[in-house]
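# Fold and contact review
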Amino acid sequence: MVSLIQPIIIIQLFLLISVASKNNNRRILVDVTSNKLTREHDGSFGMWSYHGIAKESHAKPKEFIFNGDLVDKEGRHKHIASTLYPTLGLTSDQDPVYQEYLILQSQLVGVDGFLVEWGYKGHSSDVALQSYRSLAKKHKSFVLGVNWCDHWLYDSLKNRTRSEILDAFHDNLQYLMDTLFLGPDVSVFNNKNPVIFLFGRGITSDILRDLISMPLDLKEGVDKPIWIGSYLNFASGNKWDEWADLLNGTFGWVPPRTTPTPSDMPEWDFYASLKDVTTYHETLNNFGSDCLKKDECQLWLGSASPQFDNRGCAGWGGSLKKMAQWIKNDTSGNNLDIFDVQWRYYTNHVTTTNTILIPTLNDFSEASVVLATNETTLQSLFSILFFAREWKQNCYYGHDELLLFGFLDWFTMYKEAEFLGRTPNLNATNVMTLLEETGQWISEQNMTNAKQSLNKARESLKELTSLVSTNVLDIQVPSKQIYAVVPPVQDPYANYIINSTTGLFLQMDQPTADLLIKKNFKGFMSFQYQLLDSKFANLITMSSTKRKAKNSLDVGCSRQVITGTIGGSRLHSKYVSNFAEICDIMCNIPGVWQSANVTLYEQNQSWDHSAKNSSDIYFTANANFLVRKILLQFETWERKS
């Protein structure tokens with residue numbers, strides 16, 4: 001008798017190979033923002049600091065002031081424009097070291113590429129994109145695309161003619177073809193076609209129609225781009241009737257938050273119920289599959305978003321919305337992880353998409369992040385890794401162990417090595433070389449070697465730290481070490497009066513200045529302040545500096561202090577690159593003494609008496625303030641003799 005076992009095994013093996021082959025075409029992309037900055041890297045805090053009023057909201061509170069400059073005694077920036085706090089602390093989205101960390105971490109959990117939220121050439125988002133391009137070349141098999149925030153460009157062209165708007169979009173599209181879309185190995189393609197992700201709320205259908213018909217200079221082997229629009233802005237409801245002949249597909253985003261909040265959720269206006277979430281993905285899946293079947297689409301993307309809470313940006317002036325990380329199952333009463341629920345939809349249902357988009361990696365303003373935070377730890381990252389194995393049929397051997405045991409250290413170790421390297425006669429090159437080596441092993445999917453290299457870097461950093469001695473220096477204001485160089489104006493209680501015409505100008509004495517110039521240091525300045533006027537106001541502290549404003553933050557809308565109105569609400573967030581600025585504290589509570597503790601950076605403060613009125617530090621304001629109890633604290637670092 002002929003055994004049936006062998007043919008059955010062969011058939012099963014064939015089916016397994018077929019499934020694996022199909023799933024090998026599957027991808028995971030993540031949306032990336034670039035609007036959060038640091039004084040250390042950029043001379044500004046960008047969207048970590050923010051003031052806004054959700055004028056369309058009935059929630060309480062609906063006015064928010066976030067001062068990224070304010071730190072606690074351990075140096076943690078707690079007053080940030082987010083309801084989540086990053087485990088790494090505040091970072092700059094423009095910092096290439098941080099960008100490389102994000103790429104490596106994403107490769108570690110099975111992500112194939114980034115969509116950078118992009119506005120136009122010369123915009124600060126373009127600076128980030130070009131930096132990511134260099135890093136993607138370094139870390140092979142990682143692709144880049146753009147989520148074109150077309151409303152940024154459209155809004156920047158107000159009062160321009162239709163012809164000028166069309167030319168601007170065409171110029172920027174050609175720029176993307178010249179710099180980003182060079183081939184499917186480095187950027188997001190569909191066969192030979194570059195894929196433009198269009199977020200919406202900017203370009204009109206008539207302008208897009210003309211734009212698509214305009215000629216482009218394309219690289220050899222590259223065909224004309226195809227356009228896919230976000231589902232909620234281009235395809236939901238009856239919107240597809242207007243855009244169907246212009247777009248080649250759609251992509252999912254955060255599920256809509258449209259259910260009015262119950263009485264036990266007074267801090268928001270709307271939230272996403274479990275039904276909202278599942279209905280959204282069912283509708284998106286049905287639309288995408290139908291669109292492919294009718295040949296109206298070439299591709300579409302499903303999505304999975306970890307959570308959402310836009311109080312960090314005051315709802316951009318609109319209403320306040322919430323999608324909780326955990327959501328109750330109305331049937332069982334059990335709490336479900338909302339991120340897992342969305343992933344399960346695509347792994348458990350028949351779907352025609354081969355790509356899942358995660359919005360977002362790092363949008364802390366809307367709390368839709370998968371990065372490690374104090375509130376969520378590594379949970380969202382492990383969820384991606386778990387479902388990447390299932391979605392793409394890839395085991396990712398050793399990835400979870402490296403993620404759990406120390407990869408968060410990669411960035412903090414690199415930054416600590418950079419800091420130690422500024423200490424005279426101390427060389428931190430070996431630590432950074434080992435960390436670079438760790439990154440290359442991760443890109444090559446060799447987690448055993450990556451872990452070994454990371455441990456070597458940890459030991460090398462520990463050895464380097466042992467070579468350093470520290471000393472603490474406290475300086476009161478005024479004292480013989482720092483004093484006013486212009487007679488200050490004071491009230492009867494010896495509080496300093498600060499406004500647009502009256503400031504406090506402090507100069508460091510030369511021996512102390514020389515000490516700080518010669519040594520590496522970590523510094524803080526604490527003081528108390530009181531607003532006297534009943535209005536929104538800014539108290540600003542400046543310093544002497546030798547660092548020049550970055551060109552990357554000196555162009556486009558990033559040059560401005562973003563102050564304006566949306567739906568009648570006041571918005572304020574500063575993107576000015578100014579390394580002389582120590583802090584910009586926003587305040588609208590008069591008559592109350594408040595405490596401030598802000599950071600002083602060795603790279604930023606020069607102590608050469610070159611600030612206004614030959615000062616090293618001075619206070620100014622656009623309203624009437626009182627300031628008192630000023631204290632400077634330094635921890636100086638030097639190599640042991």
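Residues numbered from 1 in each chain as written. Predicted model: local features only at pLDDT ≥ 70, side-chain atom pairs only at ≥ 80, totals over all residues. Heavy atoms only, no water.

### Some remarks on the overall build of the protein chain
When you go through the protein chain residue by residue, the secondary structure sums to 17 helices and 31 strands. On the principal axes, the C-alpha backbone points of the protein chain span a range of 100 × 60 × 55 Å. In the protein chain, buried positions account for 57% of the 641 residues. Intrachain contacts of the protein chain at a sequence separation of at least 6 include 76% that bridge at least 24 residues. Surface accessibility of the protein chain: about 27,400 Å² in total, with carbon and sulfur atoms responsible for 52%. If the 59 positive side-chain charges of the protein chain are averaged to one point and the 68 negative ones to another, these points end up 2 Å apart. (Helix = DSSP H or I, 4+ residues; strand = E, 2+ residues; numbered from the N terminus. Buried < 20%, exposed > 50% of the residue type's maximum accessible area, 1.4 Å probe, protein only. Contact = heavy atoms within 4.5 Å. Areas by Shrake-Rupley, 256 points an atom, 1.4 Å probe, with all protein chains shown as cover. Lys, Arg positive; Asp, Glu negative; His and termini not counted. Charge placed at Lys NZ, Arg CZ, Asp CG, Glu CD.)

### Side note on the sheet that holds strand E23 (residues 504–508)
To summarise the sheet geometry, strands pair through backbone hydrogen bonds and adopt either a parallel or an antiparallel arrangement. Read from one edge of the open sheet, five strands run E21-E23-E30-E25-E28, paired in antiparallel fashion. This sheet does not close on itself; its edge strands, each paired only once, are strand E21 (482–484) and strand E28 (581–587). On average, each strand axis in the sheet is inclined to that of its neighbour by 20°, with strand direction left out of account. Relative to E23, E21 is paired through three bridges, and the arrangement is antiparallel. Its bridge partner being in E23, Ala484 is matched across the sheet by Leu506. (Pairing = 2+ DSSP bridges. Axes fitted to C-alpha atoms, helices over the stretch in contact; angles between N-to-C directions.)

### A word on the packing of aromatic side chains
A complete count under the given rule lists 35 aromatic pairs for this structure. Ring geometry for Trp240 against Phe287: centres 5.2 Å apart, planes inclined by 85°, an arrangement best described as edge-to-face. Here Phe287 lies in helix H10 (residues 274–293) and Trp240 lies in helix H9 (residues 240–243), a separation of 47 residues in the sequence. On the basis of relative accessible area, Trp240 is assigned to the buried category, the value being 8%. Ring geometry for Phe521 against Phe634: centres 5.3 Å apart, planes inclined by 90°, an arrangement best described as edge-to-face. Pair noted here: Phe521 is in strand E24 (residues 520–531) and Phe634 is in strand E31 (residues 625–639), with a separation of 113 residues, a long-range link. Both residues of the pair, Phe521 and Phe634, belong to the buried class. (Phe/Tyr/Trp six-rings, centres within 6.5 Å; stacked < 30°, edge-to-face > 60°.)

### Overview of the pattern of salt bridges
Counted according to the given criterion, the structure contains 24 salt bridges. A salt bridge links Asp93 to Lys36; the nearest nitrogen and oxygen atoms lie 2.8 Å apart. Taken together, the residues Asp93 in the loop between strand E3 (63–66) and helix H3 (96–108) and Lys36 in the loop between strand E1 (27–32) and helix H2 (39–42) connect sequence positions 57 residues apart. Accessibility classification places Asp93 together with Lys36 in one group, the buried group. Several salt bridges converge on common partners, so that one network encompasses Glu267, Asp309, Arg311 and Lys322. (Salt bridge = Lys/Arg side-chain N within 4 Å of Asp/Glu carboxyl O.)

### As for the nonpolar core
In terms of nonpolar packing, the biggest core is built from 135 residues, with Phe114, Trp148, Leu176 and Trp410 touching the most fellow members. Filtering out sequence-adjacent residues up to four positions away, Leu176 remains in contact with Trp118, Leu129, Val146, Trp148, Phe181 and Ile196. In terms of nonpolar packing, the next biggest core, distinct from the first, is built from 36 residues, Leu473, Leu531, Leu539 and Ala596 among them. (Core = buried A, V, L, I, M, F, W, Y, C linked by side-chain atoms within 4.5 Å.)

### Comments concerning the state of the cysteines
What the rule picks out here adds up to one disulfide. The side chain of Cys291 participates in a disulfide bridge whose partner is Cys297; the two sulfur atoms lie 1.8 Å from each other. Since a negative S-S torsion denotes a left-handed disulfide, the Cys291-Cys297 link at about 70° is right-handed. Cys313 carries a free sulfur, and the closest cysteine sulfur to it, the one in Cys149, is 13 Å from it. (Disulfide = S-S within 2.5 Å.)

### Description of the pairing of E1
A large share of E1 lies buried, amounting to five of its six residues. Note that E1 and strand E4 (residues 113–118) share four bridges and pair parallel. Its bridge partner being in E4, Asp31 is matched across the sheet by Leu115.

### Section: the confidence of the model for the protein chain
Reading fine detail from the predicted coordinates is not recommended where pLDDT is low. Looking at the protein chain, pLDDT values average 92 and 92% of them are 70 or higher. In this model, residues 1–22 is a region of pLDDT below 50 whose contacts with residues beyond four sequence positions or in other chains number two contacts. (pLDDT = per-residue confidence, 0-100.)

### Thoughts on the packing of H3 against helix H14 (residues 409–421)
Look at H3 against H14: their axes get within 10 Å of each other, and the N-to-C directions meet at 160°. Classified by the angle their axes make, H3 and H14 are roughly antiparallel. In terms of crossing hand, the pair formed by H3 and H14 is right-handed. Packed against H3, whose contacting residues are Val97, Tyr98, Glu100, Tyr101 and Leu104, the element H14 presents Trp410, Phe411, Tyr414, Lys415 and Glu418 at the interface. For the contact of H3 with H14, the residue count by class is seven nonpolar, no polar and three charged. (Parallel < 35°, antiparallel > 145°, perpendicular 65-115°, else oblique. Left-handed = near helix turned anticlockwise from the far one by under 90°. Nonpolar A, V, L, I, M, F, W, Y, C, P; charged D, E, K, R; others polar.)

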